Amino acid sequence: MTFSLVAYDEATQSFCSVICSSSPAVAARCAHLADGAGAAHTQNITDPRLGPRLLDLMAAGKPAAEAVAEVVAEHPDTADYRQLLAVDAAGRTAIHSGPRALGTVGEHQAGGAAAAGNLLASAAVPRHMVEAWHRSAGQPSETRVLAAFRAAMAAGGEAGPVHSAGLSVVAGYGWRVTDLRVDWSDDPLADTEALLAVWLPQREDYIARALRPQAAPGYGVPGDDR
């Protein structure tokens, strides 16, 4: 009931995530990112505790594949139900798809990007996500993961309707410079596109307000007379 992608954008040294599901509020449970560590997704009958554990292991220097293998080994009774994705600080990727993952399962990884899904319309959906990520090189990280989301939907997405999505980026500042969520919608792709169209032109202003408040741009709202 989920498809997603994690990626390392070498040009901007950013970790990126996009995820979509038929379940509500998927990003709240499944998407995990941290500067200096990487990005991780835990999906398919989700255990949200596994994402922070993957990040801790990668922050300690474990490559993505070792981190995923260690988390799987730590949960012998439940790992068969889980689907895990990870990308580490060196851009290495790993995926675990347990044999009891739901429905049609697919996964693909190449060049610092990993995508996977379950209950898919086609096992090829993750490959289309990774290919779209790479085709959009040179664009903002957020635009690239949105392209992966679009490609997944164009390839059929899930077998049934989807209702929630999330798009997140960390870029070395200590917080998610982009963290957009659609928790319930009849068209989470369109809503994510609309949110990003509002947010992306303002992203750098909000970074400046955090780092340089004395010289930061105003908000352009009543009462802000800077």
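Please read these numbers as outputs of a predicted model, since none were measured by experiment.

Reading the values: rules and limits
- Residues numbered from 1 in each chain as written.
- Predicted model: local features only at pLDDT ≥ 70, side-chain atom pairs only at ≥ 80, totals over all residues.
- Heavy atoms only, no water.
- Helix = DSSP H or I, 4+ residues; strand = E, 2+ residues; numbered from the N terminus.
- Buried < 20%, exposed > 50% of the residue type's maximum accessible area, 1.4 Å probe, protein only.
- Areas by Shrake-Rupley, 256 points an atom, 1.4 Å probe, with all protein chains shown as cover.
- Lys, Arg positive; Asp, Glu negative; His and termini not counted.
- Charge placed at Lys NZ, Arg CZ, Asp CG, Glu CD.
- Phe/Tyr/Trp six-rings, centres within 6.5 Å; stacked < 30°, edge-to-face > 60°.
- Lys NZ or Arg CZ within 6 Å of the ring centre and 35° of its normal.
- Arc of directions from axis to C-beta.
- Contact = heavy atoms within 4.5 Å.
- Core = buried A, V, L, I, M, F, W, Y, C linked by side-chain atoms within 4.5 Å.
- Pairing = 2+ DSSP bridges.
- Axes fitted to C-alpha atoms, helices over the stretch in contact; angles between N-to-C directions.

Asker: So what exactly am I meant to see when it comes to the overall build of the protein chain here?
Answerer: When helices and strands are tallied, the protein chain shows seven helices and 10 strands. Per-residue burial for the protein chain yields a buried fraction of 48% across its 226 residues. With an accessible surface of roughly 9,700 Å², the protein chain has 52% of that area assigned to carbon and sulfur atoms. Of the side-chain charges in the protein chain, 17 are positive and 25 negative, and the distance between the mean point of each set is 1 Å.

Asker: Which parts of the structure should I look at to understand the packing of aromatic side chains?
Answerer: Any pair of aromatic rings gets described here by the distance separating the centres and the angle formed by the planes. Here the structure, examined in full by the defined rule, presents five aromatic pairs. Taken together, the aromatic side chains of Trp-199, Tyr-206 and Tyr-219 make up a single cluster linked through ring pairs. Above the ring of Trp-133, the side-chain terminus of Arg-144 is found at 3.8 Å from the ring centroid. Cation over ring: Arg-209 sits above Tyr-206, and NZ or CZ is 4.5 Å from the ring centre.

Asker: Which parts of the structure should I look at to understand helix α3 (residues 64–74)?
Answerer: An α-helical turn contains 3.6 residues, so a residue and the one three or four places further along point in the same direction. For α3, the set of buried residues is Ala-64, Ala-67, Val-68 and Val-71. Viewed end-on, α3 has its buried residues packed into an arc of 95°, placing them on one side of the element. The inward-facing, buried residues of α3 contact α2 (50–59), β5 (83–88) and β6 (93–97).

Asker: Explanation requested: the nonpolar core in the structure shown.
Answerer: Soluble globular proteins tend to bury their nonpolar side chains together. If you look at the biggest cluster of nonpolar residues, it comprises 27 residues, and the most contacted ones within it are Phe-3, Leu-5, Met-129, Trp-133, Val-145 and Phe-149. Breaking this core down by element, the ones donating at least two residues are β1 (2–9), β2 (14–21), β8 (113–118), α4 (125–135), α5 (141–154), β9 (164–170), β10 (176–182) and α6 (188–199). In terms of residue count, α5 provides more of this core than any other element does, five residues in total. The next biggest cluster of nonpolar side chains, apart from the first, holds 14 residues, and it includes Ala-40, Leu-50, Ala-64 and Ala-86.

Asker: Please clarify how the sheet that holds strand β4 (residues 38–43) should be interpreted in this entry.
Answerer: Whenever strands of a sheet pair, they do so through backbone hydrogen bonds, lying parallel or antiparallel. Pairing is antiparallel in the open sheet, where four strands are placed in the order β3-β4-β5-β6. At either end of the open sheet lies a strand with only one pairing partner, and these are β3 (31–34) and β6. Strand-to-strand twist across the sheet, computed as the mean angle between neighbouring axes with direction ignored, equals 10°. Relative to β5, β4 runs antiparallel, the two being bridged by six bridges. Following the sheet pairing, Ala-39 is matched in β5 by Val-87.

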